[in-house]
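Understanding the architecture of this molecule
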Amino acid sequence: MFRRNSIAAVLAAILFGMTGCAQQDDQSIRIGAVGPMTGDQSKMGVDLRNAAELAVGEWNEKGGVLGRKITLLPGDDQADPKQAVSIANKFINQKVAAVVGHWNSSCSIPASKYYQDANVVMITPATTNPKLTQQGFHNVFRVCGTDDQQGRIAAAFILASGRYKRIAIIHDKTAYGQGLADYFKQALGTRVQVVYYGGIVQRDSDYKAVLTAIKETKADLYYFGGIYPEAGRLVRQAREIGLNIPMMTGDGVYDPTFINIAGKSAEGTYVTFGKDPAGLTTAKLFMEKYRKSYGEPGPYSIYAYDAANIILNAIERTGIIEKDPKTGKETLVIDGRKMAVYISRTTFQGAFGDISFDKNGDVTRAPYVVWQVKDGVFKQVQ
Amino acid sequence: MFTQQLINGLALGAVYALIALGYTMVYGILQLINFAHGEVYMLGAYLGIIVLGVLTALGLPSFSLVLTIIITLAVSMLFCAAYGVTIERLAYRPLRKADRLSPLISAVGMSIILQNFIMLAQGKEYKYLPPVISFEGFMFFGAKISPVEIFILASSVLIMVLLQLFISRSRLGKAMRATSQDMTMASLAGVNINQVISVTFLIGSALAAIAGVMVTLSYGVAHFFMGYTAGLKAFTAAVLGGIGSIPGAMLGGFMLGLIENFGAGISDVASEYKDAFAFLVLIITLILRPSGLLGRKTIDKV
C-alpha cells in the first residue's frame, strides 16, 4: 500500500509540476491548496481542496479575476512539517498568488515563514494554535477560531450561567488538550473557584481514580481539554461512580463517536464548536453546491471555501494590469503586501457570515458557540 | 472517598490479575515472557464487542442479560484460547531448544503482527459498545458500586479459586506443576510436555479473554493498541507478585490496581503521575525482594 501511495505521489508531483510549468507562459492566476491528502488525516486535506476548488470554479465561470482564469494547485503536506516546508517552497517557485492552507498547526507554523519571506498570502481554514498568528507576519490569516478564544467562550458561558461556582479542570497532557485547559483556566479568573487541576493519560482505560478525587472536591462542573475517545470514557465512568455533574469540553470532542461511546451519560455535556452553519442561507447554499460535486462537506470545508473567496476577492481589488509600452503585452501584477493590507482592512461576506480580521490576522467575530448534548445529538445552546 | 477508591482499585486490579495469570503461568513453565499475551487480551475485547453487537442485534439482552454475557464470554474465550495455542505452536514451539533470547524476540514479533492484523482488519478507529448493563449502581458504605464492578470482582475471584483448585487438585494440574519444576524429569515420568504447554497457553489466553470482555463491558471501547498498555501493567503485576507464582500474580494485580487508584487520587498534582506510582512500588519491591512478593527464591544449581 505504501508503495502504491508513493508511486501515486510521484505521478501526482510530476503531473502538477508539468501543469505548473505549462502555465508559466499563460496569464492564469495560481492559487495553492494544501493539507494532508494522503495518510490517516487525508480526508481533512481533501475536504479543504474540494472546497477551494468549488470557489475557484465559481470565479472561473463568472470569467475569472480581472479577465484571468484561476488555476488551483493542490499540495500534499502529509501532515508532516518537513513536507509542508518543501510544498511551500514548491508553491513559491511556481509563483502562486496565495495559499489556502495548511491544515495542521505543526505544518502551518513552519510553512508560514517561507510564505512571509516570499510575500505570499496564506489563509488557513483549520489551524487553531494561537502561536501561528503571534509571529508578527503580515501575510498570515486564519478564518477559524483559536484555542484561547475557545477557552474564553467556555469560561464566559460558565460565568454568565451563575450556576457553576466550583470548577474542576482535567486535560490529556497533549499540546492541544493542556493548552486548551490552560487558556480556559486563565479566562475563568477569580470569580469562580478552580478546585482541581490535573492530567490523565491518553489511551488509559480507567479514569475512576481522578473522577473520584473530583467528586470529593464537590465541584459542580468539570472541564476537559482533550479528544472524544477519552471524553467518552470519562463521562461514562463519572456516572458509574455517581459523579453527576456536567462536563464541558472543546472542539476535539465534537464528534458523534463521543455520544456513541458514552450513550446516555453524554447527555448534558457542553462542547464549544463553530456556529451551526445550517442556520445561514449562504451556508446552506454552499453545502448544497458542495454536496452536488463532492458529497457530504467536512466540518472545516466551509472555512476553506471562505478562505479561497477572500483571496480571490483581494486579488481582484489589488491586482494591477501593466501594459508593456513596446510589445503591448498586458501582465497582471499581484503584490502580496497590498493584498494583505486589503484583507486586514476589509469585512468580507463569507458563506459562514461576515469575516474581518484583527491586527494579528485572526477573525474578530466570536467563532465558537456552546453546544450541548440533548437526546443523543449536539444542539446549539444559544 | 476511601471506600470508593478501594472499590475502583479492586475492580481494576481484578483485570490486571486475570491478565497477569497468563504471564506468570507461561513463565513458570517455559521461563518465557509471552509478550503477545497483551494482544490476546485485546483480541478478547474486540471479540466481546463483536459478539455483544451481534447478540444485541438479535435482541437477546432484553430477553436474558445473564445468557448474553455467558455466550459472549464463551465465544471470546474459545477464540482467544485457539489464538493462544496457535501462537505457541507457530512462534514458540519451533524455538523451544533454541537460546532463551530467540523465543523472546519471536514473542515481540507475534505481538506486532497481531496488533497490525487487528489494525488492518478492524480499522484504526476506536470500536465502541453502547452500555449493555445498566449504570444504576447502589450505595455501599458511602461509595457507589456498579453492577459491572460487582460482576468483575465476583467472577474474577471465582475464576482464581477454580484455577487454584485445578492446579493443586487435578491430574493435569499436577503435570503442570511437575513440568514447571523440571521439564526433562517430568517427560521421563510420562508427562506429555507438549500437551501441558498447550493447556497452559489455553488457560492463560482464556483468562485474558475474560479480562478483555470485562473491560469492554465496563469501559465500552476497544482499540488495537490497548493490549500494549494493559500487557505492560499486567506484566508489572506478575513481577511484583513474583513471576511464576500464581497467588503472586493475583496479589500483584490487586496491589497494582489499589496503588494506582490511591496514588492518583491523593491530589490533583498526583493524577498526572498515575503510572509512576505503580512503577515506583515495583522498583522498591524489587530492591528489597528481587524475586517479588511471593516469588520462589531461585537457587543456582552448581
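Presented here is a report on the structure given in the accompanying data block. Just so it is clear, the model here is predicted, and its values are computed rather than measured. (Residues numbered from 1 in each chain as written. Chains lettered and ligands numbered in written order. Predicted model: local features only at pLDDT ≥ 70, side-chain atom pairs only at ≥ 80, totals over all residues.)

Residues and elements named next belong to chain A. Judged by how many residues are buried, strand β6 (residues 166–171) sits mostly within the fold: five of six residues are covered. One ladder, built from six bridges, connects β6 with strand β7 (residues 193–199); its direction is parallel. Its bridge partner lying in β7, isoleucine 169 is registered against tyrosine 197. Where β6 meets strand β8 (residues 221–225), five bridges bridge the pair, whose relative direction is parallel. Directly across from alanine 168, in β8, lies its bridge partner tyrosine 222. (Buried ≥ 20, exposed ≤ 12 C-beta atoms within 10 Å, placed from the backbone. Helix = DSSP H or I, 4+ residues; strand = E, 2+ residues; numbered from the N terminus. Pairing = 2+ DSSP bridges.)

This next bit is on the packing of helix α1 (residues 2–30) of chain B against helix α6 (residues 147–169) of chain B. Residue and element names in this part refer to chain B. One way to put it is that α1 packs onto α6 with a least axis distance of 9 Å and a crossing angle of 40°. Taken together, the axes of α1 and α6 are oblique relative to one another. Judged by the twist between their axes, the crossing of α1 over α6 is left-handed. Only Glu149, Ile152, Leu153, Ser156 and Leu163 of α6 make contact with α1, whose side of the interface consists of Ile7, Leu10, Ala11, Ala14, Val15, Ala17, Leu18 and Leu21. (Axes fitted to C-alpha atoms, helices over the stretch in contact; angles between N-to-C directions. Parallel < 35°, antiparallel > 145°, perpendicular 65-115°, else oblique. Left-handed = near helix turned anticlockwise from the far one by under 90°. Contact = placed C-beta atoms within 7 Å.)

Time to look at the sheet that holds strand β5 (residues 140–142) of chain A. Residues and elements named next belong to chain A. Strand order in this open sheet of five strands is β2-β1-β3-β4-β5, and the pairing throughout is parallel. Looking along the sheet, the strands with just one partner apiece sit at the ends: β2 (70–76) and β5. Taken pair by pair, the neighbouring strands of this sheet meet at an average axis angle of 20°, ignoring direction. In the sheet, strand β1 (residues 29–35) pairs with strand β3 (residues 98–100) via three bridges, with the strands oriented parallel. Residue pairing for β3: alanine 33 is matched across the bridge by valine 100.

All names here are of chain B. With their axes 10 Å apart at the nearest point, α6 and helix α9 (residues 193–219) run at an angle of 170° to one another. Classed by the angle they form, the pair α6 and α9 counts as roughly antiparallel. Residues Val148, Ile152 and Ile159 of α6 form the contact with α9, whose participating residues are Leu207, Ile210, Met214, Leu217 and Ser218. When grouped by side-chain class, the residues that make up the contact of α6 with α9 number seven nonpolar, one polar and no charged. (Nonpolar A, V, L, I, M, F, W, Y, C, P; charged D, E, K, R; others polar.)

With that settled, consider helix α8 (residues 228–240) of chain A. The end-to-end C-alpha distance of α8 of chain A is 18 Å, a good match for the 18 Å that 13 residues give at a rise of 1.5 Å each. At the C-terminal side of α8 of chain A, glycine 242 of chain A shows a positive phi close to 80°. (Expected span 1.5 Å × (residues − 1).)

The subject of this paragraph is the sheet that holds β7 of chain A. All names here are of chain A. The mixed open sheet is built from seven strands, whose spatial order is β7-β6-β8-β9-β10-β15-β16. In this open sheet, the two edge strands, each paired with only one partner strand, are β7 and β16 (377–380). Taken pair by pair, the neighbouring strands of this sheet meet at an average axis angle of 30°, ignoring direction. In terms of strand pairing, β8 meets strand β9 (residues 247–249) through three bridges, oriented parallel. By the bridge assignment for β9, tyrosine 222 is matched with methionine 247. Lying on the sheet, helix α7 (residues 208–216) is in contact with β6, β7 and β8; it crosses β7 at an angle near 170°. Its contacts with the sheet place α8 against β8 and β9, and it is angled at close to 170° to β9.

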